[in-house]
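Here's the letter readout for the chains.
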Amino acid sequence: MIILPLMIDDANNVTVNVTINFRNVEVRENVLNSGVKGVSYSDVIIGKSNLKSYETDGKVIANPREVTNIIRKSMNYNTTPVNYIVVNTKKYEDSDFYDSYIIPAPSYKPNEINDYIYGMLVNSIRFNSPKDTKKEKLSLKALGFDELFNGEFLSKMQMLRSSSQSPLYVRNQLMNAGYVKQLEVLDFFNSLYCNIEEDDVILTSELENVIKFFDSTKKESRALSNYKNIALSNYESYMSLAALNALVNGKVLDWPVLSKEQQKRLIRKLNYNERAA
């Protein structure tokens, strides 16, 4: 499971974990590890190929971009078009059964940010058991998001925004100016399922109080401070995506969205803090 820590309001008072996943995933549960055709648990099947056939000396291929590149290479080698792939989980505890996920195939066109996130999502399935899924934090800045959505690109967006042209015109102008990768990143994020689970909402002030509780030299303090910094930089990246989406699609991003119950709990927390202040 991949989570995107994110500060979501203008005053940066609320921090959430946005769970990112493939949209419209089909899951086949309790598949027997029969070893048919060399396919087993923690494997990825692409048409008539599988990821394990690329491993040498039992060395597991884990780098997300490498995983995506191998999947793309196998797609290109297939004689028939590949629209989806199958990813197997680890086995259930004390069992030879596992789950199989049918997910969309990656784009035929490489994109470093999209490829890394796609590979992370594939790995989050194949390296976890169905009953025990670990959460991995995603930092967009660490993937080079800031370099792609740099000052030059933001200035170009600002210029196009002031020209009041149609979304299609804006998209074409960005493509002609060489900003195709930014559009690919936006389209990829719009193809994903983004959700905030019930307990993944926290007031940023509460997070800061916990950080202050620990000695700044301790591992816990460093880990929480790093989490807060990732959430802040991800918010800035999100705002860039939101601005681009408004330009080329004519609407705001539809994530993240809090459920009504989450909103009620958040309001209760804010009201309590105001009374306590």
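Up top you'll find the structure we're talking about.
About the criteria used
Residues numbered from 1 in each chain as written. Predicted model: local features only at pLDDT ≥ 70, side-chain atom pairs only at ≥ 80, totals over all residues. Heavy atoms only, no water. Pairing = 2+ DSSP bridges. Helix = DSSP H or I, 4+ residues; strand = E, 2+ residues; numbered from the N terminus. Contact = heavy atoms within 4.5 Å. Axes fitted to C-alpha atoms, helices over the stretch in contact; angles between N-to-C directions. Core = buried A, V, L, I, M, F, W, Y, C linked by side-chain atoms within 4.5 Å. Buried < 20%, exposed > 50% of the residue type's maximum accessible area, 1.4 Å probe, protein only. Expected span 1.5 Å × (residues − 1).

Asker: Please clarify how the sheet that holds strand β8 (residues 136-137) should be interpreted in this entry.
Answerer: Sheet strands pair by backbone hydrogen bonding; their relative direction is either parallel or antiparallel. The sheet built from four strands is open, its strands ordered β8-β1-β2-β9 with mixed pairing. Bordering the open sheet on either side are β8 and β9 (192-203), each of which pairs with just one other strand. Where strand β1 (residues 2-7) lies against β8, two bridges are found, and the strand directions are parallel. Bridge pairing in β8 places I3 opposite K137. Relative to the sheet, helix α2 (residues 112-126) contacts β1, β2 (14-22), β8 and β9, its axis offset from that of β2 by approximately 80°. Against the sheet, helix α7 (residues 204-213) contacts β1, β2 and β9, and its axis sits at roughly 60° relative to β9.

Asker: Honestly, the nonpolar core in this entry has me stumped. Any pointers?
Answerer: A general tendency of soluble globular proteins is for nonpolar side chains to be buried together. Ranked by size, the top nonpolar core spans 63 residues in total, and within it I85 and W255 carry the most contacts. It is helix α8 (residues 219-249) that contributes the most residues to this core, eight residues altogether. Once residues lying within four places of it in the same chain are set aside, the contact partners of W255 are L4, L6, V18, F189, C194, Y238 and L241.

Asker: Would you take a moment to explain α8 for this structure?
Answerer: Given 3.6 residues per turn, any residue in an α-helix points the same way as the ones three and four places further on. Helix length check: α8, at 31 residues, gives a terminal C-alpha distance of 43 Å against a target of 45 Å (1.5 Å per residue), a fit within 8%. Looking one or two places after α8, you find G250, whose phi comes out positive at around 70°.

Asker: Would you take a moment to explain the sheet that holds strand β3 (residues 26-32) for this structure?
Answerer: Ordered in space as β3-β7-β6-β4-β5, the five strands form an open sheet in which the pairing is antiparallel. Each edge of the sheet is formed by a strand with only one pairing partner; in this case those strands are β3 and β5 (49-50). Its contacts with the sheet put α2 on β4 (44-46), β6 (84-88) and β7 (97-104), and the angle it makes with β6 is roughly 40°.

Asker: What am I meant to see in unusual backbone geometry here?
Answerer: A negative phi holds for most residues other than glycine; trans holds for most peptide bonds. For N24, which is not glycine, the phi dihedral falls at a positive 55°. By the secondary structure assignment, N24 is in the loop between β2 and β3. A positive phi angle is found at S42, which is not glycine, with a value near 55°. A relative accessible area of 13% places S42 in the buried class.

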